[in-house]
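Observations on the three-dimensional arrangement
Chain residues, written in single-letter form:
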Amino acid sequence: MDKQGGFGRDIAMDLGTTSVLVAVRGKGVLLQEPAVVAVDRRTGQVLQVGQAARQMLGRTPGDLVAVRPLRDGLIDHCTVAEAMVRAFLQKAAPGRLLKPRLLIGVPSGISEVAERAVVEAGLQAGARRVYLMEEPLAAALGAGIDIQQPEGHMVVDIGGGTTDVAVAALGGVVASACLTTAGDQLDQALIQYVRQKHGLLLGARSAEEAKCAIGQVSGPGEETLAVKGRCLSTGLPREVVLSGAETAEAFAPVAEAIATAVQTVLERTPPELAADVAVSGILLTGGGSLLRGMDDLLAHRTGIPAHRAEDPLQAVALGLEKALPTLSRRQEGVLNLSQRRQLTG
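The paragraphs below set out a description of the structure included in this document. Throughout this document, residue positions are counted from 1 along each chain, in the order its sequence is written. Where totals are concerned, whole chains, interfaces and linings use all residues; where local detail is concerned, this predicted model gives features only for residues with pLDDT of at least 70, and gives and counts side-chain atom pairs only at 80 or more. Each side-chain value is derived from all of the structure's non-hydrogen atoms; neither hydrogens nor water enter the calculation.

1. A few points about the overall build of the protein chain
So the rule is basically this: For helices the rule is a DSSP run of H or I covering at least 4 residues; for strands it is a run of E covering at least 2, with both sets numbered from the N terminus onward. We take the radius of gyration over the C-alpha atoms and set the globule estimate at 2.2 Å times the residue count to the 0.38 power. Here, two residues are considered to be in contact whenever any of their heavy atoms come within 4.5 Å of each other. Residue burial considers only the protein chains on display, and all accessible areas are found by Shrake-Rupley using a 1.4 Å probe.
Secondary structure summary: the protein chain contains 11 helices and 18 strands in total. Its C-alpha radius of gyration of 20 Å places the protein chain within 12% of the 20 Å reference for a compact globule of 345 residues. With the C-alpha coordinates of the protein chain rotated into their principal frame, the extents come out at 60 × 55 × 35 Å. For the protein chain, contacts bridging at least 24 residues in sequence account for 64% of all contacts bridging at least 6. Accessible surface, the protein chain as shown: approximately 15500 Å² in total, 51% of it carbon and sulfur.

2. Some thoughts on the packing of helix 5 (residues 183–198) against helix 6 (residues 204–214)
We count it as follows: Orientation is described by lines fitted to C-alpha atoms, with helices fitted over the stretch in contact, and by angles between N-to-C directions that extend from 0 to 180 degrees. In what follows, roughly perpendicular refers to angles from 65 to 115 degrees, roughly parallel to angles under 35, roughly antiparallel to angles over 145, and oblique to any angle outside these ranges. For this classification, Asp, Glu, Lys and Arg are treated as charged, while Ala, Val, Leu, Ile, Met, Phe, Trp, Tyr, Cys and Pro are nonpolar and the rest, including Gly, are polar.
Between helix 5 and helix 6, the shortest axis-to-axis distance is 9 Å and the interhelical angle comes to 105°. Considering their axes alone, helix 5 and helix 6 lie roughly perpendicular with respect to each other. Judged by residue contacts, G183, L186, D187, L190 and I191 of helix 5 engage A204, A207, E208, A210 and K211 from helix 6. Residues that form the contact of helix 5 with helix 6 fall into these classes: six nonpolar, one polar and three charged.

3. Remarks on the environment of I75
Note on placement: I75 falls in strand 8 (residues 74–75). Separated by 115 residues in sequence, I75 and L190 place their C-alpha atoms 25 Å apart.

4. Brief notes about the sheet that holds strand 3 (residues 28–34)
The criterion, for reference: Any two strands are treated as partners once DSSP identifies two or more bridges connecting them.
If you trace the five strands from one edge of the open sheet to the other, you get 3-2-1-9-10, paired in mixed fashion. Two strands lie at the open edges of the sheet, namely strand 3 and strand 10 (129–134), each paired on one side alone. The sheet shows a mean angle of 20° between the axes of neighbouring strands, direction not considered. Of the strand pairs in this sheet, strand 1 (residues 10–15) and strand 2 (residues 19–24) are connected by five bridges, and their pairing is antiparallel. From the neighbouring strand, M13 faces strand 2, where its bridge partner is V22. Helix-sheet contacts for helix 2 (residues 78–92) involve strand 1, strand 2, strand 3 and strand 9 (101–106), and the interaxial angle to strand 3 is about 140°. Most of the contacts of helix 10 (residues 315–323) go to strand 1, to which it runs at about 155°, and overall it touches strand 1, strand 2, strand 3, strand 9 and strand 10.

5. Topic: helix 6
Stated formally: Burial classification: accessible surface area is computed with a 1.4 Å probe over protein chains only, and a residue below 20% of its type maximum counts as buried, one above 50% as exposed, and the rest as partly exposed.
Looking at helix 6, one finds that the buried residues are R205, A207, A210, K211 and I214. Those residues of helix 6 that are buried are in contact with helix 1 (51–54), helix 5, strand 15 (224–231), strand 16 (237–243) and helix 7 (244–268).

6. Let's talk about the pairing of strand 15
In this sheet, strand 15 lies alongside strand 14 (residues 200–201) in antiparallel orientation, the contact comprising two bridges. The residue of strand 15 that forms the bridge with L200 is C231. Taking the residues between adjacent antiparallel strands as the criterion, strand 15 and strand 16 are bridged by five residues, where G235 takes a positive phi near 80°.

7. A short note on the nonpolar core
Just so we agree on the cut-off: Residue types Ala, Val, Leu, Ile, Met, Phe, Trp, Tyr and Cys, when buried and joined through side-chain atoms within 4.5 Å, form a set referred to as a nonpolar core.
M154, V156, L190, V262, I282 and M294 are the most contacted members of the largest nonpolar core, which totals 44 residues. L190 has contacts with A207, A210, K211, L242, T247, A250 and F251, leaving out every residue within four places of it along the chain. L102, I104, V130 and L132 belong to the second largest nonpolar core, which has 34 residues in total.

Purely spatial values, then, with no claim about function.
This is the structure:
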């Protein structure tokens, strides 16, 4: 079946700002790698993709540059993004017997221009046809929710470049908000905090590692971690010890923006669906949902229980894979999500 372009030729891709996950129909998630590409500055040639390229971030010599081709959930470098998508497709499903059909997850707030860029990147990377699906719908599906039912479900997908807040019912998004306040902004907030409080300049990778190790938005904050950077006064390497409580202080403005967006979407949700959400709770997915206390913060602010998906990092990719059997019934190419939102109010 695979060789004839059947199940194995339908591929789903969670094209994230910080990481890319690829799933093949009937086989689950086969690839999860950082969305980073190492490029030769002189020739434009792509040298490394994924984990190997991430190791070069902040460490490249003059003639090499490590590029993240997506910014805030959208394609920022078209040619580099195409090369990255092509490389990941070949890694996950080697062989060129037939071009695959490709389903890509996109933020709910994506514009038509940005949609076209994603579709074009997929086609240029070797896909036969490209289909799009809103990430909150995919996340709900991946978490085991039947999105075709009339009951309303709220999903908060906190990724690297965007946070998607959406209420879904009957297979569509009823109310949503898409913020560029997400994991990258958490890293920047921590870099700024350490710079101001400790006079130390952290690298982006060090900030991300500290966020993953001891990051939180509420709780006692007793965990500590030694982080290394460059002293702003002497210019020499120096180490300071960060606590979980300090990360909570650094992350407070970002967490507040996410909580406010959740409240705003709830206010715009029809009463019947809001009542459903009060029963089913708020589903948290994405890497940002792993921050300690994020579920408690949202529950406290809304009065609605919040819980993480069983596999928050892979929820979108798993949902996209579950949607692959429906590709023949899906609209190919651009969804005109922005236009549809205006028509539905």
